Each structure stands twice: as C-alpha cells, then as structure tokens.
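Close look at the chain arrangement
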Amino acid sequence: MLAMTYRMRATQGQETGDVASQQHDEPLNITSNSGAPAALQSSNLIRTYAITAALKTTFLKAHNDGRSIVSPSASNMRKLTWDDALEKLATGYSKQCTFAHNPNRAHSRFYVGENIFLSTRRPFNLRYANGSVWAWEGEKKDYTFSNGACTPGKMCGHYTQNVWADTFKVGCGASLCSQIKVEKKIYRDATILICNYGPGGNIRGRQPYKVGPACSQCAKGDTCQKKLCTNPIRSAAKPASK
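Here the residue numbers are simple positions, counted from 1 along each chain's written sequence. Only residues with pLDDT of at least 70 get local features here, since the model is predicted, and only at 80 or more are side-chain atom pairs given and counted; chain-wide, interface and lining totals rely on the full set of residues. Where side-chain values are given, they derive from all heavy atoms of the structure, hydrogens and water being excluded.

So, the nonpolar core
- Grouped together as the largest cluster of nonpolar side chains are 21 residues, with contacts concentrated most on Phe59, Phe124, Val170, Leu193 and Cys195.
- For this core, the secondary structure elements donating two or more residues are helix 1 (53-68), helix 3 (126-137), strand 8 (169-182) and strand 9 (185-198).
- Those residues within four positions of Cys195 in sequence are excluded, and the remaining contacts are Phe59, His63, Gly113, Glu114, Asn115, Trp136, Val170, Gly171 and Cys172.
- Remark: nonpolar core denotes a set of buried residues (Ala, Val, Leu, Ile, Met, Phe, Trp, Tyr, Cys) joined through side-chain atoms within 4.5 Å. Remark: exposure states derive from per-residue accessible area (1.4 Å probe, protein chains only) relative to the maximum for the residue type, with buried under 20%, exposed over 50%, and partly exposed in between. Membership of the second largest hydrophobic core comes to 14 residues, among which are Leu45, Val182, Tyr187 and Ala190. Where helices and strands are cited, they refer to DSSP runs of H or I of at least four residues and of E of at least two residues respectively, numbered from the N terminus. The contact rule is simple, with two residues in contact once any of their heavy atoms fall within 4.5 Å.

What to know about the side chain of Asp222
- Within the fold, Asp222 resides in the loop between strand 9 and strand 10 (223-225).
- Residues adjacent in sequence count toward polar contacts only when both atoms are side-chain atoms; beyond that, a polar contact is any pair of N or O atoms within 3.5 Å, and within protein one must be able to donate a hydrogen and the other to accept it. Of note is the side chain of Asp222, whose polar atom sits 2.9 Å from the side chain of Asn231.
- Not counting residues up to four positions away in its chain, the partners in contact with Asp222 are Cys229, Thr230, Asn231 and Arg234.

Side note on the state of the cysteines
- Disulfides are defined as cysteine sulfur pairs within 2.5 Å. Within this structure, the stated rule accounts for five disulfides.
- With a sulfur-sulfur separation of 1.9 Å, Cys150 is cross-linked through a disulfide to Cys156. Negative torsions about the S-S bond denote left-handed disulfides, and the value of about -80° found for Cys150 with Cys156 makes this one left-handed.
- The class of Cys150 is partly exposed, set by a relative accessible area of 25%.
- Paired by a disulfide, Cys218 and Cys229 hold their sulfur atoms 1.9 Å apart. One disulfide, between Cys218 and Cys229, carries an S-S torsion of -80° and so falls in the left-handed class. A residue pair is termed long-range when its members are at least 10 positions apart, and Cys218 in the loop between strand 9 and strand 10 and Cys229 in strand 11 (residues 228-230) qualify at eleven residues.
- Note on Cys218: relative accessible area 22%, which makes it partly exposed.
- The connectivity of the disulfides in the chain is 1-5, 2-3, 4-6, 7-9, 8-10, where the numbers refer to bonded cysteines in sequence order.

Some words on the confidence of the model for the chain
- For the chain, the average pLDDT comes to 85, and 81% of its residues sit at 70 or higher.
- Counted against residues more than four places away or in other chains, residues 14-39, with its pLDDT under 50, gives 134 contacts. Confidence of the predictor at the level of single residues is captured by pLDDT, which takes values from 0 to 100.

Focus: the packing of aromatic side chains
- Classification of ring pairs uses Phe, Tyr and Trp, with its six-membered ring standing for Trp, and accepts pairs whose centres are within 6.5 Å; under 30 degrees between planes counts as stacked, over 60 as edge-to-face, and the remaining range as tilted. Taken as a whole and assessed by the stated rule, the structure comprises nine aromatic pairs.
- Measuring from centroid to centroid gives 6.0 Å for Phe110 and Phe168, while their planes differ by 90°, and the two rings are edge-to-face. Of this pair, Phe110 sits in the loop between helix 2 (84-94) and strand 5 (113-120) while Phe168 sits in the loop between helix 4 (157-162) and strand 8, and the two are 58 residues apart along the sequence. Each member of the pair, Phe110 together with Phe168, is buried.
- Sitting above the plane of the Phe168 ring, Arg234 keeps its charged end 5.6 Å from the centroid. Over a ring means this: the NZ of a Lys or the CZ of an Arg is within 6 Å of the ring centre and within 35 degrees of the ring normal.

Here's the deal with the side chain of Thr58
- Looking at where Thr58 falls in the secondary structure, it is placed in helix 1.
- Once you skip the residues sitting within four places of it in the chain, Thr58 turns out to touch Leu126, Ala129 and Asn130.

Observations concerning the pairing of strand 8
- Of all 14 residues making up strand 8, eleven are buried, and the element is well covered by its neighbours.
- When DSSP finds two or more bridges between a pair of strands, those strands are recorded as paired. Across two bridges, strand 4 (residues 81-82) lies against strand 8 in parallel orientation. Note that in strand 8 the partner of Thr81 across the bridge is Lys169.
- Relative to strand 9, strand 8 runs antiparallel, the two sharing 13 bridges. When the sheet's bridge partners are listed, Leu176 is paired in strand 9 with Thr191.

Put into structure tokens, the structure is as follows:
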C-alpha cells in the first residue's frame, strides 16, 4: 500500500485569519473555509468531479450527524440543506487547484464560509465525502467550548464551522489536480474538496451555538428533527435576484 499524507487548514469567519496547518503521516487531507472566482482554471486541473445526488446525501448526513451530537448540547442548532449556488461556487474554486482561501466568494443571500480538504491518491467517492467531513469533526477534541479556544498548536476552525448553529446551507465541489503547492511542498495527483457554508460561521468573539436542551431555542416556525432546528420554508427560500 502506498504511503499517503494529509493536511488541514481553515479560516475563521469574516474577521479572522488563517489557522496554521498541520501535517500527519496519513493520507493527505487538507481543509479550510473560504471562496474564489469560478472563471479561473488552473493548468494543473485534470478533471472536476460531478457531485451526484448520493454524494450530496452523504455530505449532508455527515454534517448533520455531527451537528446533532455536539457537547455540550445545542439549543439552536439548525439542520443543513443543500445549496446549488454554494456548490457552484465551491466547484469553480476547486478548478484553481489552489490550497488557499478564496477572497472572492459571494452569495446573494448571505456571507459564505468555507472548509477545504486536500488529499493525495484517494478515490473521490461516498467514503471520501463522509471521511472528509468527519476529519473536520475530529477537531472537536482540540476545541474548548467554554472559552472558544483551540488547543495550542492545533486546529479547530473546521469543526466550529461545521457546528455553527446559524448556518443552514452547504454546497461542496471537488477537482483532481496534477499538483497543488502547499507552502514549500508539492502534492501530486491531489484531490481538492471545497465545502461552502451559508451563512458562514467562525465569527470572532462568538461561540458556535447556544447551550441548552436540543431544539429548546429554535426560531419561531421551526420543528425539531433529530435534535436539529428544521424549517422547510427557510431551507427552500431562493436567493434574491441581483
């Protein structure tokens, strides 16, 4: 079996900077939250992956499962549903084959957050989709809710975006690149996955959610599904026309 490597990286909302990346001697997976112009395309692009209905379901289930098991429990955690505009933004940015935050992400409805996951020599499939989200979820062990801090030298920004209560939309896209440069290292045959979130989280000075019994502080008109605040009207609303 070939040795593989992974890395992760994240931003923290509109007001914060990058969180330092960390490398492990395992399959290369990198993550982050941001966006960029879909029109640009890298010469290193090999192909862009189609996000099938099954992949969307997998991404959503992994995200929502993680949101439903936060500790301490969340009183206002919204259920995530898929957003085609966020998927398009993520797919366009993945074509740039760049492990960096997208300064040009935009959505007519809300501020957009982003997580990025970069891996080498891994097939992009349902297992990949599930594993990437749970890799972000794994940062939970390095996050202290009481003071909102990461363990020194560790990352937790991907986790806090995943469980940001106000977020209710997600869309992901992915591309295969012949090479992607991360700092001074070149990763070859690399898959870059982008997940965009609306509204984005990780706002400086705020905790990701309110503590209390599940769904006890949902918005008016919401119902509770598997400990998540659900509102079909909110989920189905279309972005305002430009």
